[in-house]
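Read off the chains here:
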Amino acid sequence: MLRSTKCATNDKQLKMEERGHWDKRVEYILAVAGAVVGLGNVWRFPYLCYKNGGGAFLVPYLILAVTCGIPLFLLETTVGQYTQEGGVTCWRKLCPLFEGIGYGGILILIYSCMTYIIILSWALLYLIFSFRSQLPWGTCNNYWNSEFCISGQNTSGWSNQTNTTSAATEFWERRVLAISGGIEEIGSVRWEVLLCLMVMWVICYFCIWKGVKTTGKVVYLTATLPYVMLLVLLVRGLTLPGALDGVLYYLLPQVSRMTDPQVWMEAAAQIFFSYSLGVGSLIVLSSYNNYNDNCYKSSLYLCLLNSCTSVVAGFAVFSVLGFMAHEQGVPIADVAESGPGLAFIAYPQAIAMMPLPQLWSVCFFIMIIVLGLDTQFLAMEVVLTSIMDMFPKQMRRAGQRERFLFVFCLFCFFSQLVVITEGGMYVFQLLDHYACNGACILFLCIFESLALGWLFGAQKLFDIIKDMSGMTANWFFKLCWCYLTPLLSLTCFICSLVWYQPLTFNRSYTYPNWAHVLGWGMALSSILFIPGWALYKVATGTGSLRERLIYLCRPDPGFTLTRKGEELGVCEEAKTRLS
């Protein structure tokens, strides 16, 4: 009896420590698609395309996608599937010296979790207002409107006055944000946005609270619904008057811009951001794959899906912007804004001018919510999985995941209270510009490609891909991992520092110096993990400096590859303990 009880207890413990896998391959495809196809595809890519030379922007975008985006996407997917570990512990197995890359990626994702769910709260508020008989951002008869307000129906004043503001702009700035004069004036919390934020956190919690079992089912809806909505909006946009002018403005190349370093930097930033590179998302999601999944083919298809979605979204957005320019009699450049300006000013303003505006408004904001929701809860899943893999004995017990996730959600929620104040939009842009994008991600990707391409070995990666997928990778990827990807990433990183421009808001408000210092502090908080962790491991190691470096640059001797779906990465000591 005692033996049976002990065996049952051991079996229960082993069951609690089970990490899990995707039930079907399609769940993995949809999950990764949901993580990499997000809000950046809908508003950021189209804006960058027209801002940086229209069709000419596609040239550096495609070059960097082929030399940096796709190789790093395949690299991270391979590492996750091979090690079956999270964004931190995978480095312990392959190259312990650069474990700081994993910590830096987790910190960037935490910043992202604290930032982008705010967009979903704004979108939910807009969705609620969309069910009114008259859209509040389509008229100037509301209590928040000023005497300078011009509605979508009153188009005669658009080109004749310079001190006017649109009804959509005033709804966004005066009703939703109640925006203050600057980051120095934080003001009070916007209680409507607070309630919407609470709803979005509850939804995110229950999407992933049981791990890959629930995440794999939720993505069937969240990863496919945005494409249905995008297709509906695309067809509607292309049938509007003036749509052709918008499409031509979107695609017409300005060849002279191709020599501008700023164009290449922004193309690189878009590639690294939209492909979710450097932060460990792809590593974690692919770590739930079976060992013999064809990660090589999946990576190529998913990269193609991401870029094609961006291009198609550009047609949907600029067909609507062309319609706005046609109705208002102004240039397209005067109605298109990046980021929240496009999602919450330009597009709602265009919707208010269409027949059946409530219908199109509901479709648009459902698409925004689902696109962002998918990216948000998958980022949370990545953070959670990476931390659980770091502390498996403590975190893989019954109910521990749900409790830790609840604490994490509460931490992020209370940290966001400053972002939903009257001065919160300035804080939001500061986080987005410094902590979640740009230099910090580029820096992580430089060392990721160097560590795996040179220290771990590009040839080993080729052998791993062939063993897992049965396919031989193209030799071009080896060239990218060792030379092209780190070189181009480093060039873009240096250029972003040399041609650094201080952050502004709405092209008029200049942030104070202390805000820039705070922003760079957040950026450095993830960057410094790489040299900081490397110095710590070298300093605390044993043996001569040369022996420590050799040990830290080699794969973990206890981690061995067993082929074709057998138990992976379990050293003999662990096998003995578990048996």
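Note that the coordinates shown come from a computational prediction; the quantities given were computed from them, not determined experimentally.

## What about the overall build of the protein chain?
Here's step 1: Broken down by element type, the protein chain carries 26 helices and 4 strands.
Here's step 2: The C-alpha radius of gyration of the protein chain comes to 25 Å, within 12% of the 25 Å expected for a compact globule of 579 residues.
Here's step 3: Across its three principal directions, the C-alpha atoms of the protein chain cover 80 × 60 × 45 Å.
Here's step 4: Residue pairs at least 24 apart in sequence account for 82% of intrachain contacts in the protein chain once pairs closer than 6 positions are excluded.
Here's step 5: When the accessible surface of the protein chain is split by element, carbon and sulfur atoms take 65% of a total near 24,200 Å².
Here's step 6: Positive and negative side-chain charges in the protein chain, numbering 38 and 36 respectively, have mean positions lying 9 Å apart.

## Quick notes on the UniProt feature "binding site: Na(+)" (unreviewed entry) in the protein chain
Here's step 1: With numbering matched to this structure, UniProt assigns "binding site: Na(+)" (unreviewed entry) to G34, V37, N41, S274, N306, L371 and D374. In terms of the greatest pairwise C-alpha distance, the residues named above, spread along 341 residues, form a tight cluster of at most 14.3 Å across.
Here's step 2: Its location among the elements puts G34 in helix α2 (residues 25-36).
Here's step 3: When neighbours within four sequence positions are excluded, G34 is seen to be in contact with A223, D374, T375 and L378.
Here's step 4: Topologically, D374 is positioned in helix α17 (residues 357-390).
Here's step 5: Beyond its immediate chain neighbours, meaning those up to four positions away, D374 contacts L30, G34, V219, T222 and A223.

## Topic: the pattern of salt bridges
Here's step 1: Following the criterion strictly, the structure yields 9 salt bridges and no others.
Here's step 2: Of the charged contacts in the structure, one is a salt bridge between E27 and K217, with a shortest N-O distance of 3.1 Å. Of this pair, E27 sits in helix α2 while K217 sits in helix α10 (residues 212-222); the two residues are 190 residues apart in sequence, bridging distant segments of the chain.
Here's step 3: E27 sits in the buried class, given a relative accessible area of 1%.

## What about unusual backbone geometry?
Here's step 1: Positive phi outside glycine occurs at S276, with the angle close to 55°.
Here's step 2: Here S276 is to be found in the loop between α13 (261-274) and α14 (281-287).
Here's step 3: Positive phi values are uncommon outside glycine, yet L356 reaches one of about 50°.
Here's step 4: Mapped onto the secondary structure, L356 falls in the loop between α16 (340-352) and α17.
Here's step 5: On the basis of relative accessibility, which here comes to 59%, the residue L356 falls in the exposed class.

## Looking at the packing of aromatic side chains
Think of a pair of aromatic rings as described by two things: how far the centres are apart, and how the planes are tilted against each other in angle.
Here's step 1: Scanning all chains against the criterion turns up 47 aromatic pairs.
Here's step 2: Between F344 and F365 the ring centres are 6.2 Å apart and the planes differ by 20°, which places this aromatic pair in the stacked class. Taken together, the residues span a long stretch of sequence, with F344 in helix α16 and F365 in helix α17 at a distance of 21 residues. The residues F344 and F365 share a single accessibility class, namely buried.
Here's step 3: Ring centres 5.4 Å apart and planes at 75° place the aromatic pair F413 and F414 in the edge-to-face group.
Here's step 4: Taking the ring centre of F273 as reference, the NZ or CZ of R44 above it sits at 5.2 Å.
Here's step 5: When the ring centre of F462 is taken as reference, the NZ or CZ atom of K478 above it lies at 4.9 Å.

## Some remarks on the confidence of the model for the protein chain
Detailed reading of predicted coordinates is not advised where the pLDDT is low.
Here's step 1: Per-residue confidence for the protein chain gives a mean pLDDT of 86, with 91% of residues at or over 70.
Here's step 2: Averaged pLDDT values for the elements of the protein chain fall to 35 in helix α26 (residues 572-578) and rise to 96 in helix α24 (residues 529-540).
Here's step 3: Across residues 1-14 the pLDDT falls below 50, and counting only partners more than four positions away or on other chains, this stretch makes 1 contact in the model.
Here's step 4: For the stretch residues 562-579, pLDDT sits under 50, and the model shows 26 contacts to residues farther than four places along the chain or on other chains.

## Considerations on helix α6 (residues 100-115)
Here's step 1: If you check α6, its first and last C-alpha atoms are 23 Å apart, about what 16 residues at 1.5 Å a residue would give, namely 22 Å.
Here's step 2: Burial runs high along α6: 16 of the 16 residues are buried.

## What to know about the side chain of R396
Here's step 1: Within the secondary structure, R396 is located in the loop between α18 (392-395) and α19 (400-415).
Here's step 2: Only 2.3 Å separates the side chain of R396 from the side chain of D389, close enough to count as a polar contact.

What counts and what doesn't
Within every chain, residues take consecutive numbers counted from 1 along the sequence as written. Side-chain atom pairs in this predicted model are given and counted only at pLDDT of 80 or more, local residue features only at pLDDT of at least 70, and totals for whole chains, interfaces and linings cover all residues. Only hydrogens and water are set aside when side-chain values are computed; all heavy atoms of the structure are taken into account. Secondary structure elements follow DSSP: runs of H or I no shorter than four residues count as helices, runs of E no shorter than two count as strands, and numbering proceeds from the N terminus. Radius of gyration here uses only the C-alpha atoms, and the compact-globule reference equals 2.2 Å multiplied by the residue count raised to the power 0.38. It only takes one pair of heavy atoms within 4.5 Å for two residues to be counted as in contact. Residue burial considers only the protein chains on display, and all accessible areas are found by Shrake-Rupley using a 1.4 Å probe. Charge assignment in this entry is limited to Lys and Arg as positive and Asp and Glu as negative, and neither His nor the chain termini are counted. Charge placement uses NZ in Lys and CZ in Arg. For Asp and Glu, CG and CD serve respectively. UniProt positions are given in the numbering used here, feature names are shortened, and annotations may be inferred rather than shown by experiment. Whenever a carboxyl oxygen of Asp or Glu lies within 4 Å of a side-chain nitrogen of Lys or Arg, that contact is scored as a salt bridge. Buried means the residue's accessible area, taken with a 1.4 Å probe over protein chains only, is under 20% of the maximum for its type, while exposed means over 50%, and partly exposed covers the values in between. Side-chain rings of Phe, Tyr and Trp, where Trp is taken by its six-membered ring, are said to pair if the distance between their centres is within 6.5 Å; with planes under 30 degrees apart they count as stacked, over 60 as edge-to-face, and otherwise as tilted. Comment: the charge-over-ring label is applied if NZ (Lys) or CZ (Arg) is within 6 Å of the ring centre and within 35 degrees of the ring normal. Scored from 0 to 100, pLDDT records how confident the predictor is in each individual residue. Helix span, as expected, comes to 1.5 Å for every residue beyond the first. Whenever a nitrogen or oxygen atom comes within 3.5 Å of another N or O atom, the pair is scored as a polar contact, on the condition that within protein one atom can donate a hydrogen and the other can accept it, and that pairs from neighbouring residues in sequence are kept only if both atoms are in side chains.

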